[in-house]
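Summary of structural features
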Amino acid sequence: MLGPTALAAAALLVVAGVPKVADPGDLVRALRSTGLRVPPLLVRGFALAEVLAGGAAILLPGRPAFAAVALLHAGFTAFVLRALGRGGVVASCGCFGRADTPPTRSHAAVTALLALAASGVAISPPTDPWWTTGIAPSAITPLLAGLIAFLAWQVMAVLPSTTPAAIRSTGRA
């Protein structure tokens, strides 16, 4: 199960990185809310590195690509824990669009698990790309990866909006 989970981790980097390349403002504000001052150009470059690392892990699976995916998700875990320790970020980091996605313990747990899965694949990478392993595995692996990525996104971006405090703040209570 490490393969599909690591592939999901890579895909999430691409999906979360593209909006930040286009507009790094949300992440710049989120970083500032935790006491980190990073210029927008550097944030945009980091987001581009996210997209490239995720894309490389999907298209050219191997140690370097999955090591980069693991390091990025470990860094996100550290950022979420920092944000939680400081009372949370004021606004969305831009990873999942414009909706506010406050840091949660479940978000930290998901990024940590994604980092561990990518680390496992970096330590013992596949001998062949996922799409060359036969018809059934090449169809099942991306389907499982897509399901895992969707569920991870649900935990990180949707679940926080279902808390009683989030519901009260939108006037839906």
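What you see is a predicted model, and the numbers here were worked out from it, not measured in a lab. Residues take numbers from 1 onward in each chain, read along the sequence in its written order. With pLDDT at 70 or above as the cut-off, local features in this predicted model cover only qualifying residues; side-chain atom pairs require 80 or more to be listed or tallied, and sums for whole chains, interfaces and linings still use all residues. Heavy atoms throughout the structure, all of them, feed into the side-chain values; hydrogens and water do not.

1. Quick look at the packing of aromatic side chains
Side-chain rings of Phe, Tyr and Trp, where Trp is taken by its six-membered ring, are said to pair if the distance between their centres is within 6.5 Å; with planes under 30 degrees apart they count as stacked, over 60 as edge-to-face, and otherwise as tilted. For the structure on display, the rule yields two aromatic pairs. Ring centres of Phe150 and Trp153 lie 5.9 Å apart, and the angle between their planes is 40°; on these two criteria the pair is classed as tilted. Of the two residues, Phe150 and Trp153 are both situated in helix H6 (residues 135-158); the distance of three residues between them amounts to about one turn of the helix. By relative accessible area, which is 44% here, Phe150 ends up partly exposed. Helix and strand definitions follow DSSP, with helices as H or I runs of at least four residues and strands as E runs of at least two, each counted in order from the N terminus. Relative accessibility thresholds used throughout: buried, under 20% of the residue-type maximum; exposed, over 50%; partly exposed, between the two (1.4 Å probe, protein chains only).

2. Remarks on the pattern of salt bridges
Within this document, salt bridges are pairs made up of a side-chain nitrogen of Lys or Arg and a carboxyl oxygen of Asp or Glu, the two lying within 4 Å of each other. Under the defined criterion, the tally for this structure stands at two salt bridges. A salt bridge links Lys20 to Glu50; its shortest N-O distance comes to 2.7 Å. Of this pair, Lys20 sits in helix H1 (residues 2-22) while Glu50 sits in helix H3 (residues 40-59); the two residues are 30 residues apart in sequence, bridging distant segments of the chain. Across this residue pair, the class does not change: Lys20 and Glu50 are buried. With its nearest N and O atoms 2.7 Å apart, the salt bridge here joins Arg29 to Asp26. Remark: Asp26 and Arg29 occur in helix H2 (residues 25-33); sequence separation between them is three residues, near one turn of the helix.

3. Things to note about the nonpolar core
Buried together is how nonpolar side chains tend to be arranged in soluble globular proteins. Among buried residues, the Ala, Val, Leu, Ile, Met, Phe, Trp, Tyr and Cys ones that are joined through side-chain atoms within 4.5 Å form a nonpolar core. Core analysis: the largest hydrophobic core is formed by 25 residues, its most contacted members being Leu12, Ala57, Phe66 and Val69. Tallying contributions element by element places H1 first for this core, with seven residues. Not counting residues within four places of it along the chain, the set of residues in contact with Phe66 comprises Ala6, Leu7, Ala57, Pro61, Ala118, Val121 and Ala122. Core analysis: the second largest hydrophobic core is formed by six residues, Leu27, Ala30, Leu31 and Phe79 among them. What makes two residues a contact is simply this: any of their non-hydrogen atoms within 4.5 Å.

4. A few points about the side chain of Glu50
Assessed through its relative accessible area of 0%, Glu50 is described here as buried. In terms of polar contacts, Glu50 uses its side chain to reach the side chain of Lys20, at 2.7 Å. Those residues in contact with Glu50 that sit more than four places away from it in its chain are Leu13, Ala16, Gly17, Lys20, Leu72 and Phe76. We call two N or O atoms a polar contact when they sit within 3.5 Å, provided that within protein one can donate a hydrogen and the other can accept it, with sequence-adjacent residues counted only if both atoms are side-chain atoms.

5. Here we look at the packing of H1 against helix H5 (residues 105-123)
Orientation of H1 relative to H5, taken along the N-to-C sense of each, is 115°, at an axis distance of 8 Å. Crossing geometry of H1 relative to H5 is assigned as left-handed. Residues Leu2, Gly3, Thr5, Ala6, Ala9 and Leu12 of H1 touch H5, and the partners they reach there are Leu114, Ala117, Ala118, Gly120 and Val121. Classification used: nonpolar for Ala, Val, Leu, Ile, Met, Phe, Trp, Tyr, Cys and Pro, charged for Asp, Glu, Lys and Arg, polar for all others including Gly. In terms of residue class, the contact of H1 with H5 is made up of eight nonpolar, three polar and no charged. Convention adopted: a line fitted to C-alpha atoms gives each axis, helices being fitted over their contacting stretch, and angles between N-to-C directions are expressed from 0 to 180 degrees. What makes a crossing left-handed is the near helix being turned counterclockwise from the far one by less than a right angle; a clockwise turn instead makes it right-handed.

6. Remarks on a nonpolar patch on the surface
A contiguous nonpolar surface patch, about 380 Å² in accessible area, is contributed by Leu147, Phe150, Leu151 and Trp153. Given a relative accessible area of 31%, Trp153 falls into the partly exposed group. Two joining distances apply to patches: 9 Å for like charges and 5 Å for nonpolar side chains (Val, Leu, Ile, Met, Phe, Trp, Tyr), and every residue must have over 30% relative accessible area and no salt bridge. Only the protein chains shown count as cover for residues, with accessible areas throughout obtained via the Shrake-Rupley method and a probe of 1.4 Å.

7. Topic: the environment of Ser33
Here Ser33 is to be found in helix H2. What makes Ser33 partly exposed here is its relative accessible area of 25%. A C-alpha to C-alpha distance of 9.5 Å links Ser33 and Gly87, two positions 54 residues apart in sequence.

8. Re the side chain of His73
The topology assignment puts His73 in helix H4 (residues 63-85). There is a polar contact of 3.0 Å between the side chain of His73 and the backbone oxygen of Ala9. In this view, His73 contacts Ala9, Leu13, Thr111, Leu114 and Ala115; residues no more than four positions away in its chain are not counted.

9. Looking at H5
Each helix should span, by expectation, one fewer than its residue count multiplied by 1.5 Å. Compared with an ideal rise of 1.5 Å per residue, which puts 19 residues at 27 Å, H5 spans 27 Å between its outermost C-alpha atoms and is within 8% of the ideal. Those residues of H5 that sit buried are His107, Ala108, Val110, Thr111, Leu114, Ala115, Ala117, Ala118, Gly120, Val121 and Ala122.

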